[in-house]
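# Coordinates in review
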Amino acid sequence: MNILHLTFSSRGEFSESQRLSRKIVDMLFHWNPNADLVVRALGDGALPHVDAEYAFMQHSCDAGRCGTGSSARSDELIAELERADVVVIGTPMHNLSVPSSLKAWIDHVVRARRTFTMTTSGKQGLLHDRPVYIAVASGGRFSGANAHQPDFLTPYLKSILASIGLHNLSFFTVEGTGARADSVDAARRVADDALQAHFNLLGFQHACEDLD
Ligand SMILES: Cc1cc2nc3c(=O)[nH]c(=O)nc-3n(C[C@H](O)[C@H](O)[C@H](O)COP(=O)(O)O)c2cc1C
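Remember, it's a predicted structure, so these values are computed and weren't measured experimentally. (Residues numbered from 1 in each chain as written. Predicted model: local features only at pLDDT ≥ 70, side-chain atom pairs only at ≥ 80, totals over all residues. Heavy atoms only, no water.)

Moving on, we come to unusual backbone geometry. Positive phi is not limited to glycine here, since L96 has a value of about 75°. When you line up the elements, L96 lands in the loop between β3 (86-92) and α4 (100-109). Residue classification places L96 among the partly exposed positions, given a relative accessible area of 27%. Not every positive phi belongs to a glycine, and R113 is a case in point at roughly 65°. Of note, R113 is situated in the loop between α4 and β4 (116-119). (Helix = DSSP H or I, 4+ residues; strand = E, 2+ residues; numbered from the N terminus. Buried < 20%, exposed > 50% of the residue type's maximum accessible area, 1.4 Å probe, protein only.)

Here it is as structure tokens:
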């Protein structure tokens, strides 16, 4: 089994999304000790934005622009995604949605004629579906009774990943990381319990055997 672990926090060892996503990877390894792991830590802004050549190429390949500019980086990121049997994403919420580092990755992998095709009813995904685990950390709360802000991150990721063929998404969150240490501890425990319950329920071993 190939696992692709992508992280988008700039907070290093203090990152809750990185910790939670690492825990997901650990659980996958628990069931699949021989799994291969590729890790991309992109929270430091290391991934540049797509360039002008890429932007023209999204419209058409006619002007001989295909294969130029940042399409080589896009090729590499898409190939990495295609090789993965399971994708694990660790991301903060930034300004009610995804951080710009994750948006940059999305711009590279949501690519016309490569990962989606345009139809009269919209984008149709060209990747085969696979489990995608998404660990989200936020300073405040965005779900449940005590939510005090809208959540554009979850619906956005569901919609954009579905557009390239990835529908099998599972979200886990640590919300309220800006609160007192004891509250953050409690939020961490809730997230870890939800994760454990998910993997127990899934009988993950069997699911992974099917992937081999
Ligand atoms: C630029 C920026 C924007 C943020 N916007 C939000 C926000 O809209 N909602 C929220 O709850 N927290 C927001 N936060 C707080 C982060 O989500 C929080 O620190 C989270 O724990 C970061 O993830 P990490 O622990 O994985 O680094 C923001 C932080 C930064 C740096």
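So, next bit.
Turning our eyes to something else, we now look at the packing of aromatic side chains. In total, this model carries three aromatic pairs according to the counting rule given. On the numbers, 6.4 Å between centres and 55° between planes, the contact of F8 with W105 is tilted. Of the two residues, F8 is situated in the loop between β1 (2-7) and α1 (16-31) and W105 in helix α4; the sequence distance between them amounts to 97 residues. Looking at W105, the relative accessible area reads 1%, which means it is buried. Ring plane angle 20° and centroid distance 5.3 Å describe the contact between Y133 and F199, whose orientation is recorded as stacked. Here F199 lies in helix α6 (residues 181-202) and Y133 lies in strand β6 (residues 132-138), a separation of 66 residues in the sequence. The class for Y133 is buried, based on a relative accessible area of 2%. Through successive ring pairs, a cluster of aromatic residues spans Y133, F172 and F199. For K123, the ring lying beneath its charged end belongs to F116, and the centroid distance is 4.8 Å. (Phe/Tyr/Trp six-rings, centres within 6.5 Å; stacked < 30°, edge-to-face > 60°. Lys NZ or Arg CZ within 6 Å of the ring centre and 35° of its normal.)

Looking now at the side chain of S70. Mapped onto the elements, S70 comes out in the loop between α2 (52-59) and α3 (71-83). Apart from residues lying up to four places away in sequence, S70 is in contact with V50, D51, Y54 and H108. (Contact = heavy atoms within 4.5 Å.)

This part is about the site of the ligand. Taken together, 16 residues sit near the ligand, with S9, R11, S15, S17 and T177 positioned nearest. Here T177 contributes a side-chain N or O atom positioned 2.6 Å from an oxygen atom of the ligand. Notes on the ligand: free accessible area 630 Å², of which the protein chains cover 73%. Every element with two or more residues in the shell around the ligand is listed here: α1 and β6. (Near = heavy atom within 4 Å. Polar contact = N/O pair within 3.5 Å; in protein donor to acceptor, adjacent residues only side chain to side chain. Areas by Shrake-Rupley, 256 points an atom, 1.4 Å probe, with all protein chains shown as cover.)

Let's shift gears to the nonpolar core. Among the nonpolar cores identified, the biggest contains 33 residues, and L81, W105 and I164 are the most heavily contacted of them. Of all the elements in the fold, those that place two or more residues in this core are β1, α3, β3, α4, β6 and α5 (153-162). Per-element accounting of this core gives the leading share, five residues, to α4. Sequence-distant contacts of L81, that is, excluding residues within four places in its chain, are made with L4, V87, W105, V109, L127, R130, I164 and L166. Judged by nonpolar contacts, the second largest core, of 18 residues, contains V86, V88, F172 and A187. (Core = buried A, V, L, I, M, F, W, Y, C linked by side-chain atoms within 4.5 Å.)

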